[in-house]
Amino acid sequence: NVQTPPSAEERVEKLQGLGSSRKRVEDARFTQGKGNYVDDIKLPGMLFGDFVRSPYGHARIKSINKDAALALPGVVAVLTAEDLKPLNLHYMPTLAGDVQAVLADEKVLFQNQEVAFVVAEDRYIAADAVDLVEVDYEELPALTDAFKAMDADAPLLREDIKDKMEGAHGPRKHHNHIFHWEEGDEAGASKALADAEVTVEELITYQRVHPCPLETCGCVASMDKINGKLTLWGTFQAPHAVRTVASLITNIPEHNIRVISPDIGGGFGNKVGVYPGYICSAVASIVTGVPIKWVEDRIENLTATAFARDYHMTGKLAATKDGKITGLHCHVLADHGAFDACADPTKFPAGFFHICTGSYDIPVAYVGVDGVYTNKAPGGVAYRCSFRVTEAAYMIERMIDILALKLEMDPVELRMKNFIRKEQFPYASALGWEYDSGDYHTAMQKALDSVSHQALRDEQAQNRAAFDRGETRKLMGIGVAHFTEIVGAGPVKNCDILGLGMFDSCEIRIHPTGSAIARLGTISQGQGHATTFAQILASEIGIPAEDITLEEGDTDTAPYGLGTYGSRSTPVAGAATAMAGRKIRAKAQMIAAYLLEVHEDDLEWDIDRFQVKGNPEAHKTMKEIAFASYNQAIPGLEPGLEAVSYYDPPNMTYPFGAYICVVDVDVDTGVTDVRSFYALDDCGTRINPMIIEGQVHGGLTEALAIAMGQDISYDEIGNVQGGSLMDFFLPTAVETPVWQTDHTTTPSPHHPIGAKGVGESPNVGGVPALSNAVIDAFAHKGLTHSQMPHDHWRVWKTAQSLGLTG
Ligand code: CDP
């Protein structure tokens, strides 16, 4: 009855490590409704907070009368800026070096701004009391056009900083100016344009949109007055940073603050910042001594909590007649709303926008960005992207198509001609980045072959002829995009948030019986970290993924980390996980050497064990080593098997992809049908192909949302449009096409396992592919550009302006 030992393949299979499409361990509880979200947290005696919000875009607050609200049975307190002033909490610091009113201080600066915080025994009473707070406003002229923000007669928005002409990022030119920031060689780029055989210029607006996660933002704050400990449960993408900020602004010692991110129902950048609701809940709990819950509703989330994009980008490209790009010049007017609350690393007020040379070898480039205040909600978050990378990719991918039109060249040919070549990596871009690795020609060629690109162009030529003969009312568009991302912020030497270097961390404890727990400084919002980080470890330390518990999001237990956004988890925390695993393995090797009575150097690692070189029969499995580490006195070694790694990445990672989209546009209705969408992603070493595919599907669906419908606009008096799901486009399965995914694998040379991020790539590449496709449908009729979103009405207007409608 001798059992044959498992083969090497069986041992690898059992680990479910790198490259395995392991099923998501989180899903057992999510699919059974057993997730634990903020709103599931119920504490004894808990009260509920709700906001009185401004109906005006810009108005002076003449008076606030709380009496009627306080008289309502069940109402416990009504807080206003006046109540927060003695605590110095009426303003809070933003991630961008500005301050933001927690509760409006004498003025409101955007519609739905927080004016007062009502605390009551239940949500319904709180909502009723909100209606009873009487606020007397004097309406002021609103500024909602960013292009008018710096006019001589533009209304003064920020009275609190009107005399402060030095901002967080240098001098301010006007009372509504926030910063000017630039990178590159302006004289060189201007000369390239002046000397060029061909130039193109276009104003490309990436409209204001919103991440709109399914779960809105919220928190529960609980002040334990006996022990002096404040616990905050909340929708936090960066729990440790929240703890530090909370300590700095409340003066509660950091060890007395515990921040817990429970399950989070999508973040997409929306849950990075610190919002008035968090501060007011904490203050209310400190004042009342009981827990306070605040959960915003959908309209509050869409209209007040962190917008994205709102970039007006003027791109100029210089090129030779045969299509070699010789220079790029770009200026961005960035509409930041009423407070500069952008979530970017401190030194980068425009995020990583200067990745805007994209996938192309452009010899000289310049980018300048001016941020302005308007009467709109603050934010500027990285909506499923790495700090303005999506805006940058959109700008360059549109400009390439515009240049191709002018040169009468196929957009693919123009891209191929200008791609950074494989042998040029690591590649130093004209705007200061060092791209780690890439093989763009191979990726593009694979994409072209997969969709039979030439056959599509031939079909399009026939479609256009048929349209001109009056045989069809539909036009076919082909959109190509090749994007380069920059993810994994980031090297501590140049990336920090509020002075906290952007490293990340992993701590591992191996239990005596050979299972383990790993804790990380990141926090999943649906990406499946508990599944994939365990896979990295399984391959590193030879313990099956299913025997590794993964924990994130509790600052009392997890090592300090900067959180999850900007696709940084795999590039940074994933690297920390591999490095911590390697520390475990190094100690395990010493233990194995002792047990096998050989020198460490005589051992080699084999899947889940150390074996004596040349004699695999003599081995110790990780399970045996784990037990030995707890039950044997090993000379020169501490008992136990634990490790921690704080990883400071040497560089960011540069995922890329080639996307091709085909649309059919009905010119009489503007209805655009996405016939097919092919997405090839290269995220280096792939940890879990199934999860990657899910990430790509999700990101493409959000790209579809943005390109085809999402828009948070304002009318001239500051009323926000598109602030509910009646107007704001959130695609369902009905609108979502079938996504075809593919990949190439170009590992990152500096990441311990060669992995790059992937979560955001499809949003970065999807938006230009869709937009290019819609515009391409009309390109033969003279259209070079039209502003997103390409909803039916706008597409119909485009067709009408080209004289194509009936
Ligand atoms: O920071 P965030 O988790 O949003 O993004 P990410 O690092 O791109 O990872 C998203 C998900 O994809 C995680 O579960 C990763 O482990 C997985 N992934 C992967 O399997 N292989 C990669 N090369 C990159 C990400």
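Worth saying up front: this structure is predicted, and the values here are computed from it rather than measured. (Residues numbered from 1 in each chain as written. Predicted model: local features only at pLDDT ≥ 70, side-chain atom pairs only at ≥ 80, totals over all residues. Heavy atoms only, no water.)

Some thoughts on the environment of Glu9
Here is step 1 of the chain: Positionally, Glu9 belongs in helix H1 (residues 8-15).
Here is step 2 of the chain: Separated by 598 residues in sequence, Glu9 and Ile607 place their C-alpha atoms 9.5 Å apart. (Helix = DSSP H or I, 4+ residues; strand = E, 2+ residues; numbered from the N terminus.)

Quick word on the sheet that holds strand S2 (residues 59-65)
Here is step 1 of the chain: Pairing is antiparallel across the open sheet formed by 3 strands, whose spatial order is S6-S2-S8. Sheet topology places strand S6 (107-108) and strand S8 (134-139) at the edges, where each strand pairs with a single neighbour.
Here is step 2 of the chain: Bridge count for S2 against S8 is 6 bridges, and the pairing is antiparallel. By the bridge assignment, Arg60 is partnered in S8 with Glu138. (Pairing = 2+ DSSP bridges.)

Description of the nonpolar core
Here is step 1 of the chain: Counting 186 residues, the largest nonpolar core has Met313, Phe352, Phe353, Phe677 and Phe778 as its most contacted members.
Here is step 2 of the chain: Counting residues per element, this core draws most heavily on helix H10 (residues 389-407), which supplies 12 residues.
Here is step 3 of the chain: Discounting residues that sit within four places of it in the chain, Phe677 has contacts with Tyr659, Ile660, Cys661, Leu700, Val738, Trp739, Gln740, Gly766, Ala769 and Leu770.
Here is step 4 of the chain: Judged by nonpolar contacts, the second largest core, of 45 residues, contains Ala545, Leu550, Phe610 and Ile687. (Core = buried A, V, L, I, M, F, W, Y, C linked by side-chain atoms within 4.5 Å. Buried < 20%, exposed > 50% of the residue type's maximum accessible area, 1.4 Å probe, protein only. Contact = heavy atoms within 4.5 Å.)

Quick notes on the confidence of the model for the protein
Here is step 1 of the chain: Averaged over the protein, the pLDDT score is 96; the fraction of residues at 70 or greater is 100%.
Here is step 2 of the chain: Overall fold confidence for the complex sits at a pTM of 0.96, while the interface term, ipTM, reaches 0.97. (pLDDT = per-residue confidence, 0-100.)

Points about the side chain of Gln695
Here is step 1 of the chain: One can find Gln695 in helix H17 (residues 689-708).
Here is step 2 of the chain: Residue class for Gln695 comes out buried when judged on its relative accessible area of 12%.
Here is step 3 of the chain: Once residues lying within four places of it in the same chain are set aside, the contact partners of Gln695 are Arg384, Gly526, Gln527, Val758, Gly759 and Pro762.

Quick notes on the pattern of salt bridges
Here is step 1 of the chain: All chains considered together, the criterion is met by 52 salt bridges.
Here is step 2 of the chain: Ionic pairing is found between Asp98 and Arg158, a salt bridge with its closest N-O pair at 3.0 Å. Of the two residues, Asp98 is situated in the loop between strand S4 (91-93) and strand S5 (99-101) and Arg158 in the loop between S8 and strand S9 (166-167); the sequence distance between them amounts to 60 residues.
Here is step 3 of the chain: Look at the salt bridges and you will find they share partners, linking Arg11, Asp606, Asp608 and Arg609 into a network. (Salt bridge = Lys/Arg side-chain N within 4 Å of Asp/Glu carboxyl O.)

A word on the pairing of strand S30 (residues 609-612)
Regular strands place side chains that alternate from one sheet face to the opposite one.
Here is step 1 of the chain: Covered by surrounding structure in S30 are Arg609 and Gln611 together with Phe610 and Val612, the residues of both alternating faces.
Here is step 2 of the chain: Two elements, strand S29 (residues 603-606) and S30, share 4 bridges in a ladder whose sense is antiparallel. The partner of Trp605 across the bridge, within S30, is Phe610.
Here is step 3 of the chain: In textbook terms, the turn of a hairpin is the stretch between consecutive antiparallel strands, and for S29 and S30 this stretch comprises 2 residues, one of which, Ile607, has a positive phi near 60 degrees.
Here is step 4 of the chain: Note that S30 and strand S31 (residues 615-621) share 4 bridges and pair antiparallel.

Quick word on helix H13 (residues 453-468)
Here is step 1 of the chain: In a regular helix each residue adds 1.5 Å, so 16 residues correspond to 22 Å; H13 covers 23 Å between its end C-alpha atoms and thus fits that length.
Here is step 2 of the chain: When H13 is considered as a whole, its buried residues turn out to be His453, Leu456, Arg457, Gln460, Asn463, Arg464, Ala466 and Phe467.
Here is step 3 of the chain: Looking at the buried side of H13, the elements it contacts are helix H11 (411-418), helix H12 (440-451), strand S23 (474-484), strand S33 (656-666) and helix H18 (761-777).
Here is step 4 of the chain: Looking one or two residues beyond H13, the residue adopting positive phi is Gly470, at roughly 80 degrees. (Expected span 1.5 Å × (residues − 1).)

Points about a nonpolar patch on the surface
Here is step 1 of the chain: A cluster of nonpolar side chains, namely Leu214, Leu725 and Leu730, defines an oily patch on the protein surface of about 280 Å² accessible area.
Here is step 2 of the chain: Relative to the elements of secondary structure, Leu725 occurs in the loop between H17 and strand S35 (739-743). (Patch = residues over 30% accessible without salt bridge, like charges linked within 9 Å, V, L, I, M, F, W, Y side chains within 5 Å. Areas by Shrake-Rupley, 256 points an atom, 1.4 Å probe, with all protein chains shown as cover.)

A closer look at the site of the ligand
Here is step 1 of the chain: Around the ligand, a shell composed of 23 residues is seen, among which Gln527, His529, Thr532, Thr570 and Val758 lie nearest.
Here is step 2 of the chain: Between Ile687 and the ligand, the recorded distance is 3.1 Å, taken from a backbone N or O atom to a nitrogen atom.
Here is step 3 of the chain: Asn688 is positioned such that a nitrogen or oxygen atom in its backbone is 2.9 Å from an oxygen atom of the ligand.
Here is step 4 of the chain: About the coverage of the ligand: the protein hides 98% of its 520 Å² of free accessible area. (Near = heavy atom within 4 Å. Polar contact = N/O pair within 3.5 Å; in protein donor to acceptor, adjacent residues only side chain to side chain.)

As for the environment of Glu121
Here is step 1 of the chain: Relative to the helices and strands, Glu121 resides in the loop between strand S7 (114-120) and helix H5 (123-132).
Here is step 2 of the chain: With 75 residues separating them along the chain, Glu121 and Met46 place their C-alpha atoms 7.6 Å apart.
Here is step 3 of the chain: Not counting chain neighbours up to four residues away, the residues in contact with Glu121 comprise Met46, Leu47, Phe48 and Gly74.

Quick word on the packing of aromatic side chains
Here is step 1 of the chain: Under the counting rule described, the total for this entry stands at 26 aromatic pairs.
Here is step 2 of the chain: For the ring pair Tyr360 and Phe419, a centre distance of 5.7 Å and an interplane angle of 10 degrees mean the geometry is stacked. Of the two residues, Tyr360 sits in the loop between strand S18 (325-335) and strand S19 (365-372) while Phe419 sits in the loop between H11 and strand S21 (427-428), which places them 59 residues apart along the sequence. Of the two residues examined, Tyr360 and Phe419, each falls in the buried class.
Here is step 3 of the chain: One aromatic cluster is present, built from ring pairs that chain together Phe51, Phe117, Phe236, Tyr275, Tyr278 and Trp294. (Phe/Tyr/Trp six-rings, centres within 6.5 Å; stacked < 30°, edge-to-face > 60°.)

What about the pairing of S18?
Here is step 1 of the chain: Within S18, 9 of the 11 residues are buried, which leaves the element mostly enclosed by the surrounding structure.
Here is step 2 of the chain: One ladder, built from 9 bridges, connects strand S17 (residues 307-319) with S18; its direction is antiparallel. Paired with Ala318 across the bridge in S18 is Gly327.
Here is step 3 of the chain: The hairpin turn running from S17 into S18, its antiparallel successor, is 5 residues long, and Gly323 in that turn takes a positive phi close to 95 degrees.

A closer look at the sheet that holds S31
Here is step 1 of the chain: The 3 strands lie next to each other as S29-S30-S31, forming an open sheet whose pairing is antiparallel. The open sheet terminates on both sides in strands that have one partner only, identified here as S29 and S31. On average, each strand axis in the sheet is tilted by 35 degrees relative to the strand beside it, whichever way the strands run.
Here is step 2 of the chain: Sitting on the sheet, helix H16 (residues 622-631) is in contact with S29, S30 and S31, with an inclination near 50 degrees to S31. (Axes fitted to C-alpha atoms, helices over the stretch in contact; angles between N-to-C directions.)

With respect to the packing of H10 against H11
Here is step 1 of the chain: Contact geometry for H10 and H11: axes closest at 9 Å, N-to-C directions at 110 degrees. Overall, the two elements H10 and H11 adopt an arrangement that is roughly perpendicular. In the packing of H10 onto H11, the handedness of the crossing is right-handed. Between H10 and H11, the contacting residues are Glu397, Ile400, Asp401, Leu403, Ala404 and Leu407 on the first element and Pro411, Leu414 and Arg415 on the second.
Here is step 2 of the chain: Partitioned by chemical class, the residues of the contact of H10 with H11 number 6 nonpolar, no polar and 3 charged. (Parallel < 35°, antiparallel > 145°, perpendicular 65-115°, else oblique. Left-handed = near helix turned anticlockwise from the far one by under 90°. Nonpolar A, V, L, I, M, F, W, Y, C, P; charged D, E, K, R; others polar.)

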